[in-house]
Amino acid sequence: MQVTIQKTPKSRLSEVDFDNLAFGRSFADHMLVAEYADGAWKSVQIQPYGPLSYQPAMMSIHYGQAIFEGMKAYRSKQGEVLVFRPEENMKRFNKSAVRMCMPEVPEEIFLGGLKQLIQLDNAWVPEKDGCSLYIRPFMFATDEYVGVSPSTTYKFIIFNCPVGSYYSKPLRVRVETEYIRAAKGGVGFAKNAGNYGGSLFPTIEANKAGYDQIIWTDAATHQYVEEAGTMNLMFIINRALVTAPTGDTILDGVTRKSVIQIAKDWGVEVQERLLSVKELVEGISSGAVTEAFGAGTAAVIAPIQTIGFEGKDYELPARKESDFSAKVFNEISQIRLGEIADTRGWIYKI
Ligand code: COI
């Protein structure tokens, strides 16, 4: 499909302090906007990043047909721009679309459009260590209609943000035993906006109690660990990598599946299984649980220092360079920067 390009008359690049990048606060010059109507993708345009105008009755605002993805592009020492596993994000995006009765976005728009967008905004991909260009594709329903049914028109947009770290220190997380994120048969596996909206209230409650994040537990019993509000959760228990199995209630994270693959390639035992909160906290106390960390695109590998449960804090051992999470973070970082061979075909060159 032909992408029409309307360039910004004035770049905002010089307004951004690339030495002090916060997460999600600066936006690259251009965005891609594709329109869907009458059962087909009609037009794809790259245009200056900026406000869009919609009717108050736009359906996504009322009935929640809104999905998104997160990916990152890195600049290698040779100056190339490398995106980490965008095909996986595209597949997950389209699974979310099917669940939310939205149209799938074809590869030529999702990946082809992304390529052209980043080529145009190449200068926005940070060079500094630990920084990247966070890519945010999203889609929302645009019909002007009051009534609960799928919209017939949609917008698919990609914008990009130069970012630093999402988390800058080891995390204190609290096990959530009152509220739930997702239930069997629900939309927990989809990356739809409502999943995040629903996480805000319990997360703020946990913040007030001195925690950075929450650990969601299963909706039926609150006994089993699911994921955190912003990332999947992984643990090293008796030297094995343990994480909740994907299913209706767990986001099939791209970083999660990359960590699992690397662990298997290194000969580390991987257990995708139910992990009870009881096993987790008793394991921390006995020393069986030696590491806890989050895995996600924004978070990358986020070490967890403290797990709060029923008013008690369980402290993980201090982080060491020899930890699995430290080594897997280095491995993923080097792959993404093109510093070691991409033997698994995870890098998409712009
Ligand atoms: C991501 O990791 O890309 C997400 O979408 C999570 C969000 C906390 C930024």
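As the structure is a computational prediction, the values presented were derived from the model and not from experiment. (Residues numbered from 1 in each chain as written. Predicted model: local features only at pLDDT ≥ 70, side-chain atom pairs only at ≥ 80, totals over all residues.)

What follows deals with the overall build of the chain. Looking only at helices and strands, one finds eight helices and 18 strands in the chain. Taking 20 Å as the expected radius of gyration for a compact globule of 350 residues, we find that the chain reaches 21 Å, a close match to that expectation. Oriented by its inertia axes, the alpha-carbon framework of the chain measures out at about 60 × 50 × 35 Å. In the chain, buried positions account for 40% of the 350 residues. Across the chain, contacts joining residues at least 24 apart in sequence account for 71% of those joining residues at least 6 apart. (Helix = DSSP H or I, 4+ residues; strand = E, 2+ residues; numbered from the N terminus. Rg over C-alpha atoms; globule rule 2.2 N^0.38 Å. Buried ≥ 20, exposed ≤ 12 C-beta atoms within 10 Å, placed from the backbone. Contact = placed C-beta atoms within 7 Å.)

Another point: helix α8 (residues 324-336). One turn of an α-helix holds 3.6 residues; hence residues three or four places apart share an orientation. Helix length check: α8 (13 residues) gives 18 Å between terminal C-alpha atoms against 18 Å at 1.5 Å per residue, within 8%. What α8 keeps buried is the set F324, S325, V328, I335 and R336. Down the axis, α8 shows its buried residues gathered within 95° of arc, on one side only. In the segment just after α8, G338 is the residue with positive phi, at about 70°. (Expected span 1.5 Å × (residues − 1). Arc of directions from axis to C-beta.)

This paragraph deals with the site of the ligand. Around the ligand, the structure places G70, T230, G296, T297 and A298. Of the residues contributing to the shell around the ligand, the split by class is one nonpolar, four polar and no charged. (Near = placed C-beta within 6 Å. Nonpolar A, V, L, I, M, F, W, Y, C, P; charged D, E, K, R; others polar.)

Here helix α2 (residues 86-99) crosses helix α3 (residues 107-120) at 145°, and the two axes come no closer than 11 Å. Here the hand of the crossing between α2 and α3 comes out right-handed. Each of P86, M90 and F93 in α2 lies in contact with α3, whose residues at this interface are E107, F110, L111 and L114. Partitioning the contact of α2 with α3 into residue classes produces six nonpolar, no polar and one charged. (Axes fitted to C-alpha atoms, helices over the stretch in contact; angles between N-to-C directions. Left-handed = near helix turned anticlockwise from the far one by under 90°.)

Take the pairing of strand β8 (residues 154-163) next. Within β8, eight of the ten residues are buried, leaving the element largely enclosed by the surrounding structure. Across five bridges, strand β2 (residues 30-37) lies against β8 in antiparallel orientation. Bridging from a neighbouring strand, V33 pairs with I157 of β8. Relative to β8, strand β7 (residues 132-141) runs antiparallel, the two being bridged by ten bridges. Each residue of the ladder has a partner; that of F138, found in β8, is I157. (Pairing = 2+ DSSP bridges.)

Looking now at unusual backbone geometry. For H222, which is not glycine, the phi dihedral falls at a positive 60°. Here H222 is to be found in the loop between β10 (213-217) and β11 (225-228).

Turning next to the confidence of the model for the chain. Considering every residue of the chain, the mean pLDDT works out to 96; 100% of them sit at 70 or more. Model confidence for the complex: the whole-complex pTM is 0.95, and ipTM, which rates the interface, is 0.95. (pLDDT = per-residue confidence, 0-100.)

Our next topic: the pairing of strand β9 (residues 171-175). On a regular strand, each side chain points to the face opposite its neighbour's, so the side chains alternate between the two faces of the sheet. With respect to burial, β9 is a largely interior element, four of its five residues being buried. Strand direction decides the pairing type here: β9 and strand β16 (residues 300-309), joined by four bridges, are parallel. The residue of β16 that forms the bridge with R172 is T306. Bridge analysis of β9 against β10 gives three bridges, and the strand direction is parallel. When the bridges of β10 are listed, R174 appears paired with I214.

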